[in-house]
Amino acid sequence: MGAFIYDTIVLCGIWVFSIVIIVTVSGREFTGAWSQTLCFLEAFTFFCFFWMHKGQTIGMLAWRLRLETDGVFTLRRALLRFCGELLSIGSVGLGYYWIWIDSDRRSWSDLLSGSRVVRYSKRVSTN
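Anyway, here's the lowdown on the structure attached to this text. (Residues numbered from 1 in each chain as written. Predicted model: local features only at pLDDT ≥ 70, side-chain atom pairs only at ≥ 80, totals over all residues. Heavy atoms only, no water.)

**Observations regarding the side chain of Glu-85**
Counted only if it meets this: Working definition: helices are DSSP H or I runs of at least four residues, strands are E runs of at least two. Numbering for both runs from the N terminus. Throughout, exposure labels follow a simple rule: accessible area from a 1.4 Å probe, protein chains only, divided by the maximum for the residue type, with under 20% read as buried, over 50% as exposed, and the rest as partly exposed. For this analysis, residues touch if any pair of their heavy atoms sits within 4.5 Å.
By secondary structure assignment, the location of Glu-85 is in helix H4 (residues 75-90). According to the relative accessible area criterion, Glu-85 is buried, its value standing at 14%. Look past the residues within four positions of Glu-85 in its chain and what remains in contact with it is Trp-51, Tyr-96 and Ser-109.

Pasting the structure below:
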């Protein structure tokens, strides 16, 4: 949950920045379906980029979490994971609480994308 909060803060910053740029350039308000679509696409791009290229988002990095999967984490898997996240949020967190029921402690987004979130320990340098 902490990682989710961190990522939400970063996403809010991205949304504010892009909407301020659009309003400044156009000189008009930016509301309705266009602004919602932009925010949705930015969220999708944010999560997919970090999941596919880093295996963890900024929030996951702060909480020492990462995605594990068999093989490459593809765009298709990222899309399925994103849909699982939306379903989990839309069901008031039920998809996240699912880890208490699942024998492998996987959430709905883990199950849909064929991945799992694992905690890793910080490496200590022995120099």
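**Observations concerning the packing of helix H1 (residues 2-26) against helix H2 (residues 33-53)**
The condition that has to hold: Angular values range over 0 to 180 degrees, each being the angle between N-to-C directions of two axes fitted as lines to C-alpha atoms, with helices fitted over their stretch in contact. Working definition: roughly parallel below 35 degrees, roughly antiparallel above 145 degrees, roughly perpendicular at 65 to 115 degrees, and oblique for all remaining angles. A clockwise turn of the near helix away from the far one marks a right-handed crossing, whereas an anticlockwise turn of less than a right angle marks a left-handed crossing.
Across the interface, H1 lies against H2 with an axial gap of 10 Å and an inter-helix angle of 135 degrees. When the axis of H1 is compared with that of H2, the two are oblique. The element H1 and its partner H2 pack so that their crossing is right-handed. Contacts between H1 and H2 involve Asp-7, Val-10, Leu-11, Ile-14, Trp-15, Ser-18, Ile-19 and Ile-22 on the former and, on the latter, Leu-38, Cys-39, Glu-42, Ala-43, Phe-46 and Phe-47.

**A few points about the packing of aromatic side chains**
Selection rule: Note on ring pairs: Phe, Tyr and Trp rings are taken, using the six-membered ring of Trp, and paired if centres are within 6.5 Å. Classes follow the plane angle, with under 30 degrees stacked, over 60 edge-to-face and the rest tilted. Only Lys NZ and Arg CZ are tested; either one counts as a charge over a ring when it is within 6 Å of the ring centre and within 35 degrees of the ring normal.
Applying the stated criterion to the full structure yields 12 aromatic pairs. Ring centres of Phe-47 and Phe-82 lie 6.4 Å apart, and the angle between their planes is 45 degrees; on these two criteria the pair is classed as tilted. Of this pair, Phe-47 sits in helix H2 while Phe-82 is found in helix H4, placing the two residues 35 residues apart along the sequence. Neither Phe-47 nor Phe-82 differs from the other in exposure class; each is buried. Members of the aromatic cluster, connected to one another through ring pairs, are Phe-40, Phe-44, Phe-46, Phe-47, Phe-49, Phe-50, Trp-51, Phe-73 and Phe-82. When the ring centre of Trp-51 is taken as reference, the NZ or CZ atom of Arg-81 above it lies at 5.3 Å.

**Details of the side chain of Asp-7**
Checked against the element boundaries, Asp-7 lands in helix H1. If near-sequence neighbours (up to four positions away) are discounted, Asp-7 is found in contact with Phe-46, Phe-47, Thr-57, Ile-58, Gly-59 and Met-60.

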